[in-house]
Number of protein chains: 2
Amino acid sequence: MHLSIDRQRLIEAVQDVLKAVSSRTTIPILTGIKMEADEEGVRLTGSDSDISIERFVPLEENDEQYIELHQPGSVVLQARFFSEIIRKLPADTVELEVMDRFSTKIKSGQSEFNLNGLDPEEYPRLPLIEEQNSFQIDAQLLKHIIRQTVFAVSTSETRPVLTGVNWSFKNGKIESVATDSHRLALRHVTIEGASDTLSFSNVIIPGKSLNELSKIIDDHTDWIDVVVTENQILFKAKHTLFYSRLLDGNYPDTSKLIPTESKTSIVVATKQFLQAIERASLLAREGRNNVVKLVNLDDKTMEISSNSPEVGKVFEQIEADSFDGEELKISFSAKYMIDALRTIDATSIIIDFTGAMRPFLIRPVDDSSILQLILPVRTF
Amino acid sequence: MHLSIDRQRLIEAVQDVLKAVSSRTTIPILTGIKMEADEEGVRLTGSDSDISIERFVPLEENDEQYIELHQPGSVVLQARFFSEIIRKLPADTVELEVMDRFSTKIKSGQSEFNLNGLDPEEYPRLPLIEEQNSFQIDAQLLKHIIRQTVFAVSTSETRPVLTGVNWSFKNGKIESVATDSHRLALRHVTIEGASDTLSFSNVIIPGKSLNELSKIIDDHTDWIDVVVTENQILFKAKHTLFYSRLLDGNYPDTSKLIPTESKTSIVVATKQFLQAIERASLLAREGRNNVVKLVNLDDKTMEISSNSPEVGKVFEQIEADSFDGEELKISFSAKYMIDALRTIDATSIIIDFTGAMRPFLIRPVDDSSILQLILPVRTF
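Residues numbered from 1 in each chain as written. Chains lettered and ligands numbered in written order. Predicted model: local features only at pLDDT ≥ 70, side-chain atom pairs only at ≥ 80, totals over all residues. Heavy atoms only, no water.

- In the annotation of an unreviewed UniProt entry, the entry for chain A reads Beta sliding clamp, and the organism field reads Pueribacillus theae.
- The Subcellular location (unreviewed entry) comment attached to chain A in UniProt states, word for word, "Cytoplasm".
- Looking at chain A in UniProt, the text filed under Subunit (unreviewed entry) is "Forms a ring-shaped head-to-tail homodimer around DNA." (UniProt positions renumbered as here; feature names shortened; annotations may be inferred.)

So, in structure tokens, the structure goes:
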């Protein structure tokens, strides 16, 4: 392999695949980045065996030449060093030449590195994906769906399926659900132009994979093709392929958790409510479980309070836009409420309660495509 | 104590004194901030017993009223909670009222906190400072002096005096020296208008104190009065007092370490040289001691190189502006060189070598007030 490449393009590509590279892998070659050059361009791959990212840099694009290819070939280079070196090199182009035993010369300006490389034949192959179940989604919408659900996955390995987000597809609609069994986040979206026959369920994507995917979808990404198989999911953008393994096991049926009736219903301004909860949580954090109390003082005014005997007390008053139904007296985790309110993206929300020990629902006032559920805490 | 105070002024003042408050103190009341209110204004104090910071907020300034005083008094409040609470409060003013047993009501808008307070009588007194040895210095110049020397203090407690910066004052000049016994940084400055009789030596200020002092000197600070006593130093800005204890012991005589002759002298562009060293250090970090080699290839071109058998090799070529004297072959810590070059503030530097195992000097080409010394490492 021998080529010259635009340094900025190389930096961006390495940055993307680096997101899949873990320094704590048990497979030494996975601390490296695979680089392959042919007449089309340069292909970089990083993987931690759960997530694999492939990034392509074409020889030229939009009348700009990015790569001058002298000799096709491939090599695996230590990801951390390679990435730090190219970021610090002095000139706008980088010359890369693989020599004896995969030792790779990296030249730029008056700077020359000789980096020990590894045999690319030893690098694991990417999974073969059959493109049977696939659909196309707006990249920014996909980021939204991820943001609005992934925070609710479980961080405990007690029930591994709960560390993932469950995707299902039916009647042209995708539904994304996450729960750690104390709270739940659900978002569904109609996918325009999806095949009528497309249908799947129990596609459990690790939360970590979705977080990394979110980071490599930039503002310039328009569309993403999603391909679902038995045990892998593939996200395809223009020059990027993102593979994630799926979690084994059956995701619980969460539809039964969601109450259908409501005893108390309040409408409140999201930002004002969030800020009051955030202040109350300053002391709640010290107490057990980060719990705050919510009661109504009259038919419009509510009080959020928290008490940490060692530190002090806090009382927040907030005016609801409307308050209907029974008197309210409930305690819940401030952290769960903050997580839900920060991702709900609505100026006004409606909260439906069905009793002090029943889960309650938070939704935007004018949007039924998103739903957050929180289990209260027993304190009254 | 009962008052209303401008929230922004209070936040700034608390932020400043917070720099002296440590959460790992053995004296519980020092996790708090002392607040005293009288007819002049509000005085806040934070301390970790090594450093104490006092910050004053006047009732009014520049025709703006900052404080409405209802009742003078004082209290000690938990620093971390108090600071987080006032930053999150909803309105522009904060009402503070000390009630029974130092419980303190903090009100702003519809938000009300009751924070457990402590008895201010139990808060340690600030040291009494006799203002005999004092001088005035430009605040930004003081920051420079700190930055150009403090990085070279020792981080090891083997010789405690070396964890401080040594200040001495003679003939109207202040000299600041720091060394960890492998490198040394020296800066001297003429103080305009200092008293002819002012003279001191062996004033050893903990490096940590100077770093914290640097952080609270903002761009609006013009002048600082420095008062030196037997075991304390006091820095006085307009509304801020910064006390630091001095280190006990005798600082070593560093003047003998500085070579007076030179066998090889090179002049080189600082930035270019720094960047080449930074790249070479990418691999050097892996090897032992972060060592790079410097040799001259001909009478102008120098090569910086580093070799880490596990990772690879790097060669950097750099053109000197001038090269005089014997051939050069020397190895040194890339980290020490980077630290020195980053603080030297000159576009061109002169480096004087007196042999592969003798300390070498780095100075700006046209400025003798700053000097950096580095001990080489034996590798040739």
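1. Here we look at the overall build of chain A
Here's step 1: Helices and strands together make up the secondary structure of chain A, namely six helices and 29 strands.
Here's step 2: In terms of overall dimensions, chain A has C-alpha extents of about 80 × 55 × 40 Å along its principal axes.
Here's step 3: Out of the 380 residues belonging to chain A, those deemed buried represent 53%.
Here's step 4: A separation threshold of at least 6 residues defines the contact pool for chain A, and within that pool the share at least 24 residues apart is 65%.
Here's step 5: Of the roughly 17,900 Å² of accessible surface on chain A, a fraction of 44% belongs to carbon and sulfur atoms. (Helix = DSSP H or I, 4+ residues; strand = E, 2+ residues; numbered from the N terminus. Buried < 20%, exposed > 50% of the residue type's maximum accessible area, 1.4 Å probe, protein only. Contact = heavy atoms within 4.5 Å. Areas by Shrake-Rupley, 256 points an atom, 1.4 Å probe, with all protein chains shown as cover.)

2. Notes on the domain arrangement of chain A
All names here are of chain A.
Here's step 1: You can read the domains of chain A as domain 1 (2-122), domain 2 (133-255) and domain 3 (259-374).
Here's step 2: Here the C-alpha centre of domain 3 lies 28 Å away from the C-alpha centre of domain 2.
Here's step 3: Counting residues at the interface gives twelve residues for domain 2 and 15 residues for domain 3.
Here's step 4: Together domain 2 and domain 3 conceal approximately 1,200 Å² of surface at their shared face, both sides included; 47% is due to carbon and sulfur atoms.
Here's step 5: Across the domain 2-domain 3 interface, the total number found is two salt bridges.
Here's step 6: A salt bridge links R183 to D339, with the nearest nitrogen and oxygen atoms 3.0 Å apart.
Here's step 7: Counting residues per element, the ones that place at least two in the side of domain 2 that touches domain 3 are helix 3 (139-150) and strand 16 (183-190).
Here's step 8: Considered class by class, the residues forming the side of domain 2 that touches domain 3 number four nonpolar, four polar and four charged. (Domains from an automatic or database assignment. Buried area = accessible area lost by both parts, 1.4 Å probe. Salt bridge = Lys/Arg side-chain N within 4 Å of Asp/Glu carboxyl O. Nonpolar A, V, L, I, M, F, W, Y, C, P; charged D, E, K, R; others polar.)

3. Let's talk about the packing of helix 2 (residues 79-88) of chain A against helix 5 (residues 270-284) of chain B
Here's step 1: Across the interface, helix 2 of chain A lies against helix 5 of chain B with an axial gap of 10 Å and an inter-helix angle of 175 degrees. Between helix 2 of chain A and helix 5 of chain B, the angle falls in the class roughly antiparallel. Facing F81, E84, I85 and K88 of chain A of helix 2 of chain A, the residues of helix 5 of chain B in contact are E278, R279, L282 and L283 of chain B.
Here's step 2: Among the residues making up the contact of helix 2 of chain A with helix 5 of chain B, the classes are represented as four nonpolar, no polar and four charged. (Axes fitted to C-alpha atoms, helices over the stretch in contact; angles between N-to-C directions. Parallel < 35°, antiparallel > 145°, perpendicular 65-115°, else oblique.)

4. Regarding the interface of chain B and chain A
Reports of interface size often rely on the accessible area that becomes lost once the parts have come together.
Here's step 1: Listed as interface residues are 29 residues of chain B and, on the opposing side, 29 residues of chain A.
Here's step 2: When chain B packs against chain A, close to 2,700 Å² is buried across both sides, 53% of that on carbon and sulfur atoms.
Here's step 3: The largest contributions to the chain B side of the interface with chain A come from K88, R279 and L282 of chain B, which together make up 21% of the buried area.
Here's step 4: Here chain B and chain A share one salt bridge between them.
Here's step 5: Between K88 of chain A and E278 of chain B there is a salt bridge, and its shortest N-O distance comes to 4.0 Å.

5. Focus: the pattern of salt bridges
Here's step 1: As enumerated under the stated definition, the model contains 39 salt bridges over all chains in all.
Here's step 2: Between E121 of chain A and R125 of chain A there is a salt bridge, and its shortest N-O distance comes to 3.5 Å.
Here's step 3: The class of E121 of chain A is exposed, set by a relative accessible area of 58%.
Here's step 4: Between D352 of chain B and R363 of chain B there is a salt bridge, with its nearest N and O atoms 2.7 Å apart. Taken together, the residues D352 of chain B in strand 27 (residues 348-353) and R363 of chain B in strand 28 (residues 360-364) connect sequence positions eleven residues apart.
Here's step 5: Classification of D352 of chain B by relative accessible area gives buried; the value is 10%.
Here's step 6: Three or more residues joined by partner-sharing salt bridges are found here, namely D180, R183, K335 and D339 of chain A.

6. Here we look at the packing of aromatic side chains
Residues and elements named next belong to chain B.
Here's step 1: Counting across every chain of the model gives 14 aromatic pairs over all chains.
Here's step 2: With a centroid separation of 5.1 Å and an interplanar angle of 45 degrees, the aromatic rings of F135 and F169 are classed as tilted. With a gap of 34 residues between them, F135 in strand 13 (residues 133-138) and F169 in strand 14 (residues 164-170) connect regions that are remote in the sequence. One exposure class covers both F135 and F169, and it is buried.
Here's step 3: Ring geometry for F235 and F242: centres 6.1 Å apart, planes at 70 degrees, overall edge-to-face.
Here's step 4: Classification of F235 as buried rests on a relative accessible area of 2%. (Phe/Tyr/Trp six-rings, centres within 6.5 Å; stacked < 30°, edge-to-face > 60°.)

7. Section: the side chain of S209 of chain B
Here's step 1: Within the secondary structure, S209 of chain B is located in helix 4 (residues 207-216).
Here's step 2: If we ignore the near neighbours within four places in the chain, the residues touching S209 of chain B are I51, F242 and S244 of chain B.

8. Considering the relation of the copies chain B and chain A
Here's step 1: With an RMSD of 0.0 Å, the fit of chain B onto chain A corresponds to turning through 180 degrees and sliding 0.0 Å along the axis. Between the two chains, the operation in question is that of a two-fold axis. No C-alpha of chain B lies nearer the rotation axis than that of R24 of chain B, which sits 16 Å from it.
Here's step 2: Looking at the interface residues of chain B, 100% of them are also at the interface in chain A, so both copies use one shared face. (Least-squares fit on C-alpha atoms with pLDDT ≥ 70 in both.)

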